[in-house]
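Letter by letter, the chains look like this.
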Amino acid sequence: MSVEGNCSSGGGFLRRGCGRGAVGVCVYCAEPFCGDHGTLHPNYYEVCQRKACFTKFADVGAHHRWLEAHRSANSMSMCAEGGCQERMQHSCERCRLRFCDQHLVDQAVTERRLEGTVRVVQLLCPHCAARRALWD
């Protein structure tokens, strides 16, 4: 699949972007990038090398590993927080794992919806609450 446009990476204040032909468009910032300024992953998961985008890509991988490590507690009806021996009671609205009351917090988050950006309160586990700073 061909990508239109030129690489916009490397640009900044009073500097033009790379300008080489783009090979992909970043899934996070929607900017085109060349082979030197991004990576093409399977299933059209294309990520540029900008710090914010690379950090989000790394966070997604770490989050999936965290989910796998904590999912087993829920299969035994226990809170997914490591070391907690309480029964699971409610789901985190982000990761969908179940936790006891002590390991869930109400947090105001920004959501981008078709009708625009809205602030909502969600029930989140400590892991997902900590991740919000990167994604908001």
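Reference entry: report on the structure contained in this document.

What counts, and where the lines are drawn
Residues numbered from 1 in each chain as written. Predicted model: local features only at pLDDT ≥ 70, side-chain atom pairs only at ≥ 80, totals over all residues. Heavy atoms only, no water. Helix = DSSP H or I, 4+ residues; strand = E, 2+ residues; numbered from the N terminus. Buried < 20%, exposed > 50% of the residue type's maximum accessible area, 1.4 Å probe, protein only. Contact = heavy atoms within 4.5 Å.

Considerations on unusual backbone geometry
Within the chain, Ala30 stands out as a residue other than glycine whose phi angle is a positive 65°. With respect to the helices and strands, Ala30 occurs in the loop between strand S1 (24-25) and strand S2 (32-33). The exposed category is assigned to Ala30, whose relative accessible area is 56%. One non-glycine residue, Arg96, lies in the positive phi region at around 70°. If you trace the backbone, Arg96 turns up in the loop between strand S5 (90-91) and strand S6 (98-99).

A few points about the environment of Pro32
As for its position among the elements, Pro32 is in strand S2. A C-alpha to C-alpha distance of 40 Å links Pro32 and Phe99, two positions 67 residues apart in sequence. If we ignore the near neighbours within four places in the chain, the residues touching Pro32 are Asn6, Cys7, Ser8, Ser9, Ala22, Gly24 and Val25.

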